[in-house]
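The lines below spell out each chain.
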Amino acid sequence: MKILNNEINILKEAGNNRMAAIGGAIVIMLTLIAILASLLSPHDPFEQKLENRLLNPCFEYPFGTDDLGRCIFSRLIFGTRYSLAIGVTVVGITALVGTSLGIVSGYSRGIIDEIIMRIVDIVLAFPGIILALVIAGILGPSFLNVVIALSLTHWPAYTRLVRGLTLTLREMDFIEGAKALRASNIYIMRRHILPNCINPIIVLATLDIAHAIIFATALSFLGLGIQPPTPEWGSMLKAGIPYFRISPHLTFFPGTAIMVTVLAFNFLGDGLRDMIDPKINENILVSE
Amino acid sequence: MTLLSIKNLKKYYFCGLFNKKEIRAVDGVDLEIKSGRTLGLVGNSGCGKTTVAKIILRLIEPTDGRIIFKEKDITKLRGRELKNLGQEMQIIFQNPETSLNPRMKIYDAILEPLRIHKLCSTDKEYEKILKLIEIVNLNQELLFRYPHELSGGQLQRVVIARILSLNPKFIVADEVTSMLDPLVQAQILNLMKDLQEKLGISYLFISHDMDVVEWMSDEIAVMDEGKIVDWK
């Protein structure tokens, strides 16, 4: 609860930052869309009406129809679920794993730190998208495998961030004090180090959601992610490519959806960072 | 009666290429602290005062030497026994603003030692904390604030209160007053003296301010470059 209070203050501050506010509003809207998808969509996203194929946007089909006569608007609405689910799941897993490893690494130093950081170096040595492509290619295309591929490539960012913060924190008097109280190492990491790392982690996680969504749609676009007929934005984009000249709305709307979502998370993350970053150090000392 | 004595304490750091360079942070220090008395330790910055203090508290492993507390060698203490030692000896740091976790409310900070050592049941916590803040003369309103909302003097009182909850016999005071203004300094020092009279606590009082040390201490040791060079 203590930590939550601080985050509420930050969210209040976020209201003052216009970009962050716009980003936040879009994110909330997207979340609602994902939850209420079945209520909001005018058509069944899987229903094919071949007589209506490749219709331009009209009153009945606000964003037109695709090559199999499915309503693009409805498919986009359902696609929100997949994108957000992937973003949130991947970031949830990577933040948890990456943060834990970072705290252990920075706190214990020595050989454990050395091993963890060398693994981080190995993962970072490959460009993220290529590593994700390889993993997704080996595992085969499915929702779970996309999450695995992205999680395996995204955790080092948290480990490095948190390790750095832990290295500065562990030298501070209140950690020495806790050691003099003979608190266990696990207690110190959990109660003293973690709460002081949480703000930068939240910023990174917000930006990372955008990154994970882009990666996921890229994998689907390349055929290694979520497969048709699932209404996922990346695979919709791919399905629209052959009709780009006659019916550009097949690619325009999924592309816009991806762009808006990613920008919203980026705005929100940047806004949060502006509020926290310039005083990261004071933030450790003076949490407000 | 001797409460704590250290014998021939050494701490060498090795650095440089192939660890060839040897830095003697503490080089053969002997000290003796009597029950209920204060030993002042003075010296320039970087002379190894704080290192001695941290070795005594077993926060740093000494290269050589022995620490005897209550007629027991604690140099190699481990596990359960080391944890219990935490109830008997404690440290107060120089900078009160970094001595408390900024994300922990004062209430939790004061109770933390009791929770770690499981010395107080949850329903008696409030009673206990009221007693503690009365001893250090701290306003009850401050309990539910965060450390950055308090002044340096108040924070140092909080630090003392949380340590007192364990009833320690021996406290290391590492430059406790150097970050405080003179008026608050006097208050904190008076508080420490009062506690000594009431509870029979022994202090190792580290400082570079000669006046303060002379006022606080029964005996004074002067350190320079890792050695005790003078006694007063």
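Thresholds applied
Residues numbered from 1 in each chain as written. Chains lettered and ligands numbered in written order. Predicted model: local features only at pLDDT ≥ 70, side-chain atom pairs only at ≥ 80, totals over all residues. Heavy atoms only, no water. Helix = DSSP H or I, 4+ residues; strand = E, 2+ residues; numbered from the N terminus. Rg over C-alpha atoms; globule rule 2.2 N^0.38 Å. Buried < 20%, exposed > 50% of the residue type's maximum accessible area, 1.4 Å probe, protein only. Areas by Shrake-Rupley, 256 points an atom, 1.4 Å probe, with all protein chains shown as cover. Pairing = 2+ DSSP bridges. Contact = heavy atoms within 4.5 Å. Axes fitted to C-alpha atoms, helices over the stretch in contact; angles between N-to-C directions. Buried area = accessible area lost by both parts, 1.4 Å probe. Salt bridge = Lys/Arg side-chain N within 4 Å of Asp/Glu carboxyl O. Polar contact = N/O pair within 3.5 Å; in protein donor to acceptor, adjacent residues only side chain to side chain. Nonpolar A, V, L, I, M, F, W, Y, C, P; charged D, E, K, R; others polar.

Caption draft 1: Highlighting the overall build of chain B. Summing up its helical and strand segments, chain B has 7 helices and 10 strands in all. Relative to the globule expectation of 17 Å for 232 residues, the C-alpha radius of gyration of chain B, 18 Å, shows essentially globular dimensions. In terms of its C-alpha atoms, chain B occupies a principal-axis envelope of roughly 55 × 40 × 40 Å. Counting only residues that meet the buried cut, chain B has 55% of its 232 residues in that class. Total accessible area on chain B is roughly 10,800 Å²; 48% of this is exposed by carbon and sulfur atoms.

Caption draft 2: Here's a closer look at the sheet that holds strand β5 (residues 72-73) of chain B. All names here are of chain B. Taken in spatial order, the 4 strands line up as β2-β1-β4-β5 in an open sheet, and their pairing is antiparallel. Bordering the open sheet on either side are β2 (21-34) and β5, each of which pairs with just one other strand. Taken together, the 2 bridges between strand β4 (residues 64-69) and β5 define a ladder with antiparallel strand orientation. If you follow isoleucine 68 over to β5, its bridge partner there is aspartate 73. In the packing of helix α1 (residues 49-56) onto the sheet, contacts are made with β1 (2-15), β2 and β4, and the angle to β1 comes to roughly 115 degrees.

Caption draft 3: Spatial organisation of the pairing of strand β10 (residues 227-231) of chain B. All names here are of chain B. In this sheet, β10 lies alongside strand β9 (residues 219-224) in antiparallel orientation, the contact comprising 4 bridges. Counted as the bridge partner of methionine 223 is isoleucine 228 from β10. The hairpin formed by β9 and β10 contains 2 residues between the paired strands, and glutamate 225 there has a positive phi angle of roughly 45 degrees.

Caption draft 4: Representation of unusual backbone geometry in the model. All names here are of chain B. One non-glycine residue, lysine 118, lies in the positive phi region at around 50 degrees. With respect to the element layout, lysine 118 can be found in the loop between α3 (106-116) and α4 (125-135). Despite not being glycine, asparagine 137 has its phi angle at roughly 60 degrees, a positive value.

Caption draft 5: Broad picture of the interface of chain B and chain A. Counting residues at the interface gives 30 residues for chain B, matched by 27 residues for chain A. Counting each side, the surface lost to burial between chain B and chain A is near 2,500 Å², with a carbon and sulfur contribution of 55%. Connecting chain B to chain A are 1 salt bridge. For the interface between chain B and chain A, the tally reads 13 residue pairs in polar contact (both at pLDDT 80 or more). In terms of residue class, the side of chain B that touches chain A is built from 14 nonpolar, 8 polar and 8 charged.

Caption draft 6: Local environment of the pattern of salt bridges. All told, the structure shown has 21 salt bridges over all chains when counted by the stated rule. Of the charged contacts, one joins A:Arg109 and A:Glu171 as a salt bridge, the two residues approaching to 3.9 Å between their closest N and O atoms. Within this pair, whereas A:Arg109 is found in the loop between α4 (72-108) and α5 (110-125), its partner A:Glu171 is found in the loop between α7 (143-169) and α8 (173-180), the two being separated by 62 residues in sequence. Because the salt bridges share partners, they merge into one network encompassing B:Glu22, B:Arg24, B:Asp27 and B:Lys227.

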